[in-house]
Amino acid sequence: MIERLENNFKTHAYLSIGLLSSLTLLALHFSFPIPFLIFLFFICYELLIFGMYFFRYKGSYRNKLYSPLLVNHKLYGYGYINNFDSKSYNKLLFDKYLFKSNRISEDLTKNIKDRIDITINNGFRGEKIKNNAIKIFCCGGSTTACDGCDDDETWPYYLGKKIAKDNHNFQVINAGTQGWYSYQDLLKIKNEIVSHSPKVIILHQGWNEEFEFSSQGLGRDWSPRKARDYIAANVTYTNKKQSSAINRLISIFLIKRFYYFFYKFKNNMSFTNPDRWNVLKSRKYLDAWFDVLSDIIEIANEQNILLFMIDPPCLVDSEDSKMNRKIYLENSRLDRWFANYQSISSQKISYFLSKVKLFIPVINTKDSFRNFIGLDRLRYFIDEIHLSPKGNEALSDSIYVFLKQDQNFQAILRGDDNFKKIDVDNFKLIKNNAISNSLKVDKLIDINIENILSMKNKAKNMIPKDRYTTF
């Protein structure tokens, strides 16, 4: 019954009609006024839904609806709860990124056993920040937080182990948070990370810039530099604040979640919707990303922080052979259109970063993953962009090799941080070039739109059932 409530609007309709009919008969008998009847209906309906959830999940019922790990935050919109340990948390969890398997048990003992080992200390993943350590902060979304991986299987953890061999006084901190985009990174850097006197910040950004834009009505409802609360960013995909008390009513929350996902989000975000593809032609979200980077550069210059960025790997690539693409489609949740969109989005990110790297060193981890092809490549990913523990280790290898060859980073290892600052004024001059698509990307977008339009009614409304590109 719970599954039908969450995935079938007719179930709500049938329950509502049945309950309203019963209450109407009661109202006629006792001559209740209509306003009181409506009020009574909402109260009874909420109690009915609450009863179903509580009967099934007991004290864990709220976790089936709201994440206990990602909570609203007055500055960042939402973020990690301050302190959390998945193995000692004594209620059921249902967030898929907290498990390695898609099957989530409702038996508490098995639920705890199957969870990844994730600890949050003061809003950061992993061990506590050491006061006297030389700190490297890794910022980004779920590809930095590392979905479905234990604390000791994330790429920041592996990177920290490698750097520790060169200098034991270094600490690499995982500052990634599921669903975050660059503006939230900027807020955390400015309001929190700088207080820890970091020497290095590594930015793993790109995927969520497009998702933040497209998920809000394909950009129609989007506005730059907005940190939305958890429900707005991850449930209703709306611009407006959703942290009001009414969203704590289970019945209202379920209906809103169903409506926004199935009738708004799914239709807009389908990879067979030509308008979704036109998002990749927009300069708006790259414009906003570029401005955020400008602000991060200014902070880095003021605080004497060395900046790096990552050009991230993706399961599919626009240069895939037909054989390799077939393997990826048959062994992932990707279909033809999803794979095309993801590979072109990846190429768009790379083009942007190819311009940025004139000022901010960009670690091209995507190239280092080109050696992994076919069935072997699948072992490095858990989906189209999130890496497996093996993939995270490979990513950390690529980053470490780059840092070993970077003179400024090597100087910091030696205790000398007198490196040349980034010229932010000249950086801003490359903006128009950086936020424009390459001719190749625009051509690929047009080809896919033409192919989709030629299919007309044969095209499926393709979108994964699960949230994608972030978690």
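Located above this text is the structure these notes cover.
Each chain carries its own residue numbering, running from 1 in the written order of its sequence. Side-chain atom pairs in this predicted model are given and counted only at pLDDT of 80 or more, local residue features only at pLDDT of at least 70, and totals for whole chains, interfaces and linings cover all residues. The basis for the side-chain values is all heavy atoms of the structure; hydrogens and waters are excluded.

Before going further, it helps to examine helix α9 (residues 207-214). For an α-helix the count is 3.6 residues per turn, leaving residues at separations of three or four pointing the same way. Counting buried residues in α9 gives 8 out of 8 residues, a clear majority hidden from the surface. The rule is simple: take the accessible area with a 1.4 Å probe, protein chains only, and divide by the maximum for that residue type; under 20% is buried, over 50% is exposed, in between is partly exposed. Under the scheme used here, helices are H or I runs from DSSP no shorter than 4 residues and strands are E runs no shorter than 2 residues, and both carry numbers assigned from the N terminus. When we look at burial in α9, the residues that qualify are W207, N208, E209, E210, F211, E212, F213 and S214. The contact definition used throughout considers only heavy atoms, calling two residues in contact when any of these lie within 4.5 Å. Against α6 (142-145), α8 (182-191), α11 (250-269), α12 (274-279), α13 (284-303) and α15 (336-356) lie the buried residues of α9.

Time to look at helix α3 (residues 34-57). Every helix has an expected span of 1.5 Å times one less than the residues it contains. With 24 residues, α3 extends 35 Å between its outermost C-alpha atoms, agreeing within 8% with the 34 Å of an ideal straight helix rising 1.5 Å per residue. Here α3 has its buried residues at L37, L40, F41, Y45, E46, I49, Y53 and Y57. In this structure, the buried residues of α3 make contact with α1 (2-7), α2 (9-30), α4 (61-65) and α11. Positioned one or two residues after α3, K58 has a phi angle of 55°, which is positive.

Here the term patch refers to residues with relative accessible area over 30% and no salt bridge, with like charges joined within 9 Å and nonpolar side chains (Val, Leu, Ile, Met, Phe, Trp, Tyr) within 5 Å. Each accessible area is a Shrake-Rupley result for a 1.4 Å probe, and residues are judged covered by the shown protein chains and nothing else. A pairing counts as a salt bridge when a side-chain nitrogen of Lys or Arg comes within 4 Å of a carboxyl oxygen of Asp or Glu. A surface patch of nonpolar side chains, about 390 Å² in accessible area, is lined by F36, F39, I43 and L47. Assignment of secondary structure puts F39 in helix α3.

To define axes, lines are fitted to C-alpha atoms, for helices over the stretch in contact only, and angles between the resulting N-to-C directions are given on a 0 to 180 degree scale. With their axes 10 Å apart at the nearest point, α2 and α3 run at an angle of 135° to one another. Regarding the angle of α2 to α3, the classification is oblique. The crossing of α2 and α3 is right-handed. Of α3, the residues touching α2 (which contributes H12, L15, S16, L19, L20, L23, T24 and A27) are L37, L40, F41, C44, Y45, L48, I49 and M52. Here the residues of the contact of α2 with α3 sort into 13 nonpolar, 3 polar and no charged. For classification purposes, an angle smaller than 35 degrees is called roughly parallel, one larger than 145 roughly antiparallel, one from 65 to 115 roughly perpendicular, and anything else oblique. The crossing is said to be left-handed when, going from far helix to near helix, the turn is anticlockwise and less than a right angle, and right-handed when the turn is clockwise. Residue type decides the class: Asp, Glu, Lys and Arg count as charged, Ala, Val, Leu, Ile, Met, Phe, Trp, Tyr, Cys and Pro as nonpolar, and the leftover types, Gly among them, as polar.

Counted residue by residue, strand β9 (residues 306-311) has 6 buried out of 6 residues, so it is predominantly covered. Neither face of β9 is exposed, since L306, F308 and I310 on one face and L307, M309 and D311 on the opposite face are all buried. As judged from the 4 bridges shared by strand β8 (residues 200-204) and β9, these two strands associate in the parallel manner. The partner of I202 across the bridge, within β9, is F308. In terms of strand pairing, β9 meets strand β10 (residues 362-364) through 3 bridges, oriented parallel. Considered in β10, the bridge of D311 is made with N364. Strands are labelled as partners when DSSP assigns at least two bridges between them.

Our next topic: the packing of aromatic side chains. Centre-to-centre distance and the angle between the planes together describe a pair of aromatic rings. What counts as a ring pair is set by centres within 6.5 Å for rings of Phe, Tyr and Trp (its six-membered ring), and what kind of pair is set by the plane angle: stacked under 30 degrees, edge-to-face over 60, tilted for all other angles. Scanning the model with the defined rule gives 39 aromatic pairs in all. With centroids separated by 5.3 Å and ring planes inclined at 40°, the aromatic side chains of F84 and Y89 adopt a geometry described as tilted. Residue Y89 is classed as partly exposed on the basis of its relative accessible area of 21%. Ring geometry for W277 versus Y341: centroids 5.0 Å apart, planes at 75°, classification edge-to-face. Here the residue W277 occupies a position in helix α12, and Y341 occupies one in helix α15, the gap between them amounting to 64 residues. You'll find W277 and Y341 in the same group, each marked buried. Grouping aromatic residues by their ring pairs yields a cluster made of F211, Y237, F258, Y259, Y260, F261, F262, Y263 and F265. Cation over ring: K64 sits above F94, and NZ or CZ is 5.7 Å from the ring centre. When the ring centre of Y66 is taken as origin, the NZ or CZ atom of R248, which lies over that ring, is 4.6 Å away. Remark: a charge is flagged as sitting over a ring if the NZ atom of Lys or the CZ atom of Arg is within 6 Å of the ring centre and within 35 degrees of the ring normal.

Our focus in this paragraph is the side chain of S214. Considering the arrangement of structural elements, one finds S214 in helix α9. For S214, a relative accessible area of 0% corresponds to the buried category.

Next up on the list: unusual backbone geometry. Phi is positive for K58, which is not a glycine, with a value near 55°. A relative accessible area of 46% places K58 in the partly exposed class. Unusually for a residue other than glycine, S197 sits at a positive phi of about 50°. Here S197 shows up in the loop between α8 and β8. Classification of S197 by relative accessible area gives exposed; the value is 53%.

Next up on the list: the nonpolar core. Grouped together as the largest cluster of nonpolar side chains are 139 residues, with contacts concentrated most on Y53, I163, I202, F352 and F409. When residues of this core are assigned to their parent elements, the largest contribution, 11 residues, is made by α13. Discounting residues that sit within four places of it in the chain, F409 has contacts with I136, I163, F170, V200, L306, F308 and L403. Residues belong to a common nonpolar core when they are buried Ala, Val, Leu, Ile, Met, Phe, Trp, Tyr or Cys residues joined through side-chain atoms within 4.5 Å.

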